[in-house]
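Observations on the three-dimensional arrangement
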Amino acid sequence: MNGRAVAWLAYIPLPGLFLVPLLGARGDRLARFHALQGGVLTIAFLVLLMLSGFYAFARNGTKAAPVDAAILSALLFVVGLAYLVIGAIAAARGRFTRLRPVWDLAVYWL
């Protein structure tokens, strides 16, 4: 299977879906690259959104807590969604675009 056909699936924010490019195109370098980057991006995106919810729960006693948490969640969502879209477009076009903070974390962890 062609790596370009499945590499973009790694950027759909569902846990475990980044494994599809790895299993669908085993020997393709593009699929492995985007599976690694998309997996780290998806996990970081979901963890940061959960942490912003915990932040709102921890600051429950203050008046500014709902506003702070909503702004933080919206900012994280917009930035994370932009990264997911940029990565998916790069994967569909067959490019090895490194999304800088995410790629650095992926290489450092793995």
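Structure: above.
This is a predicted model, so every value here is computed, not measured. (Residues numbered from 1 in each chain as written. Predicted model: local features only at pLDDT ≥ 70, side-chain atom pairs only at ≥ 80, totals over all residues. Heavy atoms only, no water.)

**Concerning a nonpolar patch on the surface**
Taken together, I43, V47, L48, M50, L51 and F54 make up a surface patch of nonpolar side chains, about 570 Å² in accessible area. Looking at the element boundaries, F54 is found in helix α3 (residues 29–58). Using a relative accessible area of 54% as the deciding quantity, one classes F54 as exposed. (Patch = residues over 30% accessible without salt bridge, like charges linked within 9 Å, V, L, I, M, F, W, Y side chains within 5 Å. Areas by Shrake-Rupley, 256 points an atom, 1.4 Å probe, with all protein chains shown as cover. Salt bridge = Lys/Arg side-chain N within 4 Å of Asp/Glu carboxyl O. Helix = DSSP H or I, 4+ residues; strand = E, 2+ residues; numbered from the N terminus. Buried < 20%, exposed > 50% of the residue type's maximum accessible area, 1.4 Å probe, protein only.)

**A closer look at the side chain of Q37**
Among the secondary structure elements, Q37 is positioned in helix α3. Polar side-chain contacts of Q37 include one of 3.1 Å to the backbone oxygen of T97. In contact with Q37, not counting residues within four places along its chain, are Y11, T97, R98, L99, V102 and W103. (Polar contact = N/O pair within 3.5 Å; in protein donor to acceptor, adjacent residues only side chain to side chain. Contact = heavy atoms within 4.5 Å.)

**Points about the packing of aromatic side chains**
Centre-to-centre distance and the angle between the planes together describe a pair of aromatic rings. The tally for this structure, following the rule as stated, stands at three aromatic pairs. Ring plane angle 70° and centroid distance 5.3 Å describe the contact between F33 and F96, whose orientation is recorded as edge-to-face. Within this pair, whereas F33 is found in helix α3, its partner F96 is found in the loop between α4 (65–93) and α5 (100–109), the two being separated by 63 residues in sequence. For F33, a relative accessible area of 10% puts it in the buried group. Between the aromatic rings of F33 and W103, the centroid separation amounts to 4.6 Å while the plane-to-plane angle is 40°, which identifies the pairing as tilted. (Phe/Tyr/Trp six-rings, centres within 6.5 Å; stacked < 30°, edge-to-face > 60°.)

**Considerations on the pattern of salt bridges**
Pairing of side chains with opposite charge becomes possible as their charged atoms draw close. Considering all chains together, one arrives at one salt bridge under this definition. R100 serves as the salt-bridge partner of D104, at 2.7 Å between the closest nitrogen and oxygen. Residue D104 and its partner R100 are located together in helix α5, separated by four residues, close to a single helical turn.

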